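Geometric and topological summary
So the chains spell out like this:
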Amino acid sequence: MAEVHVIGQIMGASGFSESSLFCKWGIHTGAAWKLLSGVREGQTQVDTPQIGEMAYWSHPIDLHFATKGLQGWPRLHFQVWSQDSFGRCQLAGYGFCHVPSSPGTHQLACPTWRPLGSWREQLARAFVGGGPQLLHGDTIYSGADRYRLHTAAGGTVHLEISLLLRHFDRYGVEC
């Protein structure tokens, strides 16, 4: 079986109106992919930028996959949350990006968005916090339902990912 090593880190996030940010992340693959080592999901620590707007997490990602085909290539998905001074958390944005398919080191910038909701929900978010969230997490990376949502742009999640491909030439894939 062909193998893919994904090694890198979630550097941080920028462009969010909120501060004290943290990120929940996960990876989604097709049925032909098997995780040999690493964890499929995780969460960063909270960072409150003191200088500038970039929240730094430097959260490691180390995944090793085996696959029988290219269908269902890995996608990273993110939920960025903000935490207020009372410890309450509210959604700042959802986002996803495909893992690059070429070996080497890649700098990725993943744009995020959040559901808007009704005007009452927007007003409540401004004064009380909270706000609308997705019922199903797979809506983040599946296009059919996502395009019907009314959304607002969030910030950007920054990643540095290195990719190692092994035995793809045995299956007729040129790297």
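Residues numbered from 1 in each chain as written. Predicted model: local features only at pLDDT ≥ 70, side-chain atom pairs only at ≥ 80, totals over all residues. Heavy atoms only, no water.

If you check an unreviewed UniProt entry, the protein appears there as B9 domain-containing protein 2 from Saimiri boliviensis boliviensis. Checking UniProt for the protein, the heading Subcellular location (unreviewed entry) contains the comment "Cytoplasm, Cytoskeleton, Cilium basal body". Among the UniProt annotations of the protein, the heading Function (unreviewed entry) holds the following wording: "Component of the tectonic-like complex, a complex localized at the transition zone of primary cilia and acting as a barrier that prevents diffusion of transmembrane proteins between the cilia and plasma membranes." (UniProt positions renumbered as here; feature names shortened; annotations may be inferred.)

1. A closer look at the side chain of Thr29
By the secondary structure assignment, Thr29 is in the loop between strand E2 (21-28) and strand E3 (33-37). Filtering out sequence-adjacent residues up to four positions away, Thr29 remains in contact with Arg40, Phe65, Gly72 and Pro74. (Helix = DSSP H or I, 4+ residues; strand = E, 2+ residues; numbered from the N terminus. Contact = heavy atoms within 4.5 Å.)

2. What to know about the side chain of Ser20
Structurally, Ser20 can be placed in the loop between strand E1 (2-14) and E2. Residue Ser20 is classed as buried on the basis of its relative accessible area of 13%. Setting aside anything within four residues of it in sequence, one finds Ser20 in contact with Val46, Asp47, Thr48, Pro49, Trp81, Ser82 and Gln83. (Buried < 20%, exposed > 50% of the residue type's maximum accessible area, 1.4 Å probe, protein only.)

3. Here's the deal with the nonpolar core
Membership of the largest hydrophobic core comes to 30 residues, with the highest contact counts inside it found for Trp57, Ile61, Leu76, Phe78 and Leu159. Those elements that place two or more of their residues in this core are E1, E2, strand E5 (55-67), strand E6 (75-83), strand E7 (89-98), strand E8 (104-115) and strand E9 (151-166). Formed by five residues, the second largest nonpolar core is a distinct cluster that contains Phe22, Trp81, Leu91 and Trp113. (Core = buried A, V, L, I, M, F, W, Y, C linked by side-chain atoms within 4.5 Å.)

4. A look at the environment of Gln71
Within the fold, Gln71 resides in the loop between E5 and E6. C-alpha of Gln71 to C-alpha of Thr29: the two residues are 42 residues apart in sequence and 8.7 Å apart in space. Residues contacting Gln71, with those up to four places away along its chain left out, are Gly30 and Trp33.

5. Quick notes on the environment of Gly154
Relative to the elements of secondary structure, Gly154 occurs in strand E9. Overall, Gly154 belongs to the partly exposed group, its relative accessible area being 27%. Between the C-alpha atoms of Gly154 and Gly15, which are 139 residues apart in sequence, the distance is 7.0 Å. Every residue in contact with Gly154, bar those within four places of it in the chain, is listed here: Gly15, Phe16, Ala92, Thr112 and Trp113.

6. Some words on unusual backbone geometry
Notably, Ser20 is not glycine yet its phi reads approximately 55 degrees, a positive angle. The backbone of His167 sits at a positive phi, close to 65 degrees, despite the residue not being glycine. Within the fold, His167 resides in the segment after E9.

7. Quick look at the pattern of salt bridges
In a structure, side chains of opposite charge can pair up when their charged atoms sit close to one another. Throughout the structure, instances matching the rule amount to two salt bridges. In this structure, Arg166 and Glu3 form a salt bridge, with 3.5 Å as the shortest nitrogen-oxygen distance. Taken together, the residues span a long stretch of sequence, with Arg166 in strand E9 and Glu3 in strand E1 at a distance of 163 residues. The exposure class of Glu3 is buried, given its relative accessible area of 12%. Across the salt bridge formed by Asp84 and Arg88, the nearest N and O atoms sit 2.7 Å from each other. (Salt bridge = Lys/Arg side-chain N within 4 Å of Asp/Glu carboxyl O.)

8. A word on the packing of aromatic side chains
Applying the stated rule across the entire model yields four aromatic pairs. Seen in terms of ring centroids, Trp33 and Phe65 are 5.9 Å apart; in terms of plane orientation they differ by 85 degrees. Their pairing is edge-to-face. Placement of the pair is Trp33 in strand E3 and Phe65 in strand E5, with a sequence separation of 32 residues. Accessibility classification places Trp33 together with Phe65 in one group, the buried group. Relative to Phe168, the ring of Trp73 has its centre 6.3 Å away and its plane inclined at 55 degrees; by these criteria the two rings are tilted. Of the two residues, Trp73 sits in the loop between E5 and E6 while Phe168 sits in the segment after E9, which places them 95 residues apart along the sequence. Just as Trp73 is buried, Phe168 falls in that class too. Taken together through their ring pairs, the aromatic side chains of Trp33, Phe65, Trp73 and Phe168 make up a single cluster. We note Lys24 situated over the ring of Trp81; from NZ or CZ to the ring centre the distance is 5.0 Å. (Phe/Tyr/Trp six-rings, centres within 6.5 Å; stacked < 30°, edge-to-face > 60°. Lys NZ or Arg CZ within 6 Å of the ring centre and 35° of its normal.)

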